[in-house]
Amino acid sequence: MTGLGAVFRPQLPPERLREVARLADEAGLEELWLWEDCFREGGISTAAAALAWTERLRVGIGLLPVPLRNVALTAMEAAALYRMFPGRPVLAVGHGVQDWMGQVGARAESPLTLLREHLDALRALLRGERLTTEGRYVRLDDVALDWPPAEAPEVLAGATGPRTLRLAGAAADGTLLTSATSPDGVREARRLIDEGRASAGRTDPHRVVVYLLAATGPDAAARVRAELVAEGLADVPEVGVAGDAGAVAKAVARFAEAGADTVVLQPTGDEPDPEGFVRFVAEEVRPLVP
């Protein structure tokens, strides 16, 4: 079965999250994804709140920019979430938007090297290992978590370019793709991820999650079009969908056929009814997605 989720966009104030998360849980939505976009809402704090307000909902953090975080802190916070809410958090990390990283004095000369070092150390710490490493960016001296998760969780990497996609295949447990990715882009991403997996000798499962810009209602097409134009994606085929549940479900199916394991529907930044969007995904689209 194709996984299905929705995004709570940080264009909404954080005080709106409680109502949206509770509604998502009650409506049977599988996954609610949150963003740590500069300079809006923190990923760990909002995820912890959403998990505490709900009973069964999986909450994804997509994603934590690694230049902002010491890997030991990322591991400590992630482990606490995994222990308090077993099986429900989903963590993705990435090298972040470089302009934003520059604004806070955290731009890395080699974002790819930093992401690789962070992934290797983070996954080791979450496996309960004691780690000493002296990398270009990640330096740990005899570090281990007192409270690692009972089971090693999956750690996803956000990726777009070929080198990062190969890195995700080699060093992460899954890959998160942005809403700029078309079905053909998912196929290409899968190919590059598999190259990375082969180079690392990995045969374990690797989940691919992709965001899909979506809207429903009378002005849906105009809202999707306006956002695609603003993002420079107006001429990229199949990167957004507007229409009723049937139209959205067909778009989800195209991404699943291309290799996505989970499709997370991303409302437009000006979505007038975030609660209604979550209910639409859970109650109308989900029954149509095999």
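Look a little higher up for the structure.
Presented here is an overview of the structure given in this document. (Residues numbered from 1 in each chain as written. Predicted model: local features only at pLDDT ≥ 70, side-chain atom pairs only at ≥ 80, totals over all residues. Heavy atoms only, no water.)

## What to know about the overall build of the protein
Test applied: For the purposes of this entry, the term helix denotes a DSSP run of H or I that reaches at least four residues, the term strand denotes a run of E that reaches at least two, and both are numbered from the N terminus. A radius of gyration in this sense is built from C-alpha atoms; the matching globule rule multiplies 2.2 Å by the number of residues raised to 0.38. Residue burial is assigned from relative accessible area. The probe radius is 1.4 Å, only protein chains are included, and a residue is buried under 20% of its type maximum, exposed over 50%, and partly exposed in between. Throughout, a contact is declared for two residues whenever any of their heavy atoms are within 4.5 Å. Here the open area of atoms and residues is found with the Shrake-Rupley method and a 1.4 Å probe, where only the protein chains shown may cover a residue.
Scanning the protein for helices and strands turns up 10 helices and 11 strands. A globule of 290 residues ought to have a C-alpha radius of gyration of about 19 Å, and the protein, at 18 Å, matches this closely. By principal-axis analysis of the C-alpha atoms, the protein measures approximately 60 × 40 × 40 Å. Out of the 290 residues belonging to the protein, those deemed buried represent 56%. Residue pairs in contact within the protein that sit at least 24 positions apart in sequence constitute 74% of those at least 6 positions apart. Summed over all atoms, the accessible surface of the protein reaches about 12,600 Å², with 51% contributed by carbon and sulfur.

## Some points on the nonpolar core
What counts here: Side-chain atoms within 4.5 Å are what join buried Ala, Val, Leu, Ile, Met, Phe, Trp, Tyr and Cys residues into a set we call a nonpolar core.
Among the nonpolar cores identified, the biggest contains 80 residues, and L29, L32, V93, L126, L265 and V285 are the most heavily contacted of them. It is helix α5 (residues 111-126) that contributes the most residues to this core, eight residues altogether. Judged by nonpolar contacts, the second largest core, of 11 residues, contains W33, L63, A92 and V209.

## Side note on the pattern of salt bridges
How we decide: In what follows, salt bridge is the name for a side-chain nitrogen of Lys or Arg lying within 4 Å of a carboxyl oxygen of Asp or Glu.
Scanning all chains against the criterion turns up 29 salt bridges. When the shortest N-O distance is used, the salt bridge between R123 and D173 registers 2.9 Å. Taken together, the residues R123 in helix α5 and D173 in the loop between α6 (162-171) and β8 (174-177) connect sequence positions 50 residues apart. Exposure class is identical for R123 and D173. Each is buried. Measuring nitrogen to oxygen at the nearest pair gives 3.4 Å for the salt bridge that ties E271 to R223.

## Description of helix α3 (residues 71-84)
Threshold: For a helix, the expected span equals 1.5 Å multiplied by the number of residues minus one. Under this definition, polar contacts are N or O atom pairs within 3.5 Å; protein pairs additionally need one hydrogen-donor-capable and one acceptor-capable atom, and for neighbouring residues in sequence, both atoms have to be side-chain atoms.
Between its first and last C-alpha atoms α3 spans 20 Å; for 14 residues at 1.5 Å apiece the expected length is 20 Å, and the two agree. Elements in contact with the buried residues of α3: α2 (43-53), β3 (58-65), β4 (89-94), α5 and β6 (139-143). Its side-chain oxygen 2.8 Å from the backbone nitrogen of A72, N70 forms the N-cap of α3.

## Observations regarding the packing of aromatic side chains
Put simply, the rule is: The rule is short: rings of Phe, Tyr and Trp, with Trp giving its six-membered ring, pair when the centres are within 6.5 Å, and they are stacked under 30 degrees, edge-to-face over 60, tilted in between.
This model, assessed by the stated rule, comprises two aromatic pairs. Note on W33 and Y211: the rings are 6.2 Å apart at their centroids and 85° apart in plane angle, and the pair reads as edge-to-face. Of this pair, W33 sits in strand β2 (residues 31-34) while Y211 sits in strand β9 (residues 207-215), and the two are 178 residues apart along the sequence. Classification of Y211 as buried rests on a relative accessible area of 5%. With a centroid separation of 5.8 Å and an interplanar angle of 55°, the aromatic rings of W35 and Y211 are classed as tilted. Taken together, the residues span a long stretch of sequence, with W35 in the loop between β2 and α2 and Y211 in strand β9 at a distance of 176 residues. Here the aromatic cluster, defined as three or more aromatic residues joined through ring pairs, consists of W33, W35 and Y211.

## Brief notes about empty space enclosed by the protein
Heads up, the condition is: A cavity here means a set of points on a 1 Å grid, drawn over the protein atoms and nothing else, where a 1.4 Å probe fits but cannot get out; a pocket is an open set with protein on both sides within 12 Å along at least five of seven lines, and a residue lines either one if it has an atom within 4 Å of a point. Grid points are joined across faces, edges and corners, and a volume is the space filled by probe spheres set on the points. Throughout this entry, Asp, Glu, Lys and Arg are counted as charged residues, while Ala, Val, Leu, Ile, Met, Phe, Trp, Tyr, Cys and Pro are counted as nonpolar. The remaining residues, Gly among them, count as polar.
Tallied over the full model, the rule gives one cavity of 30 Å³ or more. Approximately 30 Å³ is the volume attributed to the largest cavity. Lining the largest cavity are I61, A78, L81, Y82, P89 and L91. Breaking the lining of the largest cavity down by element, the ones donating at least two residues are α3 and β4. With three residues, α3 is the single largest residue contributor to the lining of the largest cavity. Its residues assigned to classes, the lining of the largest cavity comprises six nonpolar, no polar and no charged.

## Structural notes on α2
Just so we agree on the cut-off: Arc definition: directions from the helix axis to the C-beta atoms.
Within the span of α2, buried status applies to G43, I44, T46, A47, A50 and L51. Taken end-on, α2 shows its buried residues confined to a sector of 165°, consistent with a single buried face. On its buried face, α2 is in contact with α1 (17-27), β2, β3, α3 and β4.

## Comments concerning the pairing of β6
Threshold: When DSSP finds two or more bridges between two strands, those strands count as paired.
With three bridges joining them, strand β5 (residues 131-134) and β6 adopt antiparallel strand pairing. Within β6, the residue paired with T133 across the bridge is L140. Count of turn residues in the β5/β6 antiparallel hairpin: four residues.

## Focus on the side chain of E271
With respect to the helices and strands, the residue E271 is situated in the loop between β11 (262-266) and α10 (274-285). Here the side chain of E271 touches R223 through a polar contact of 3.4 Å, side chain to side chain. Of note is the side chain of E271, whose polar atom sits 2.9 Å from the backbone nitrogen of D273. Look past the residues within four positions of E271 in its chain and what remains in contact with it is R223 and F277.

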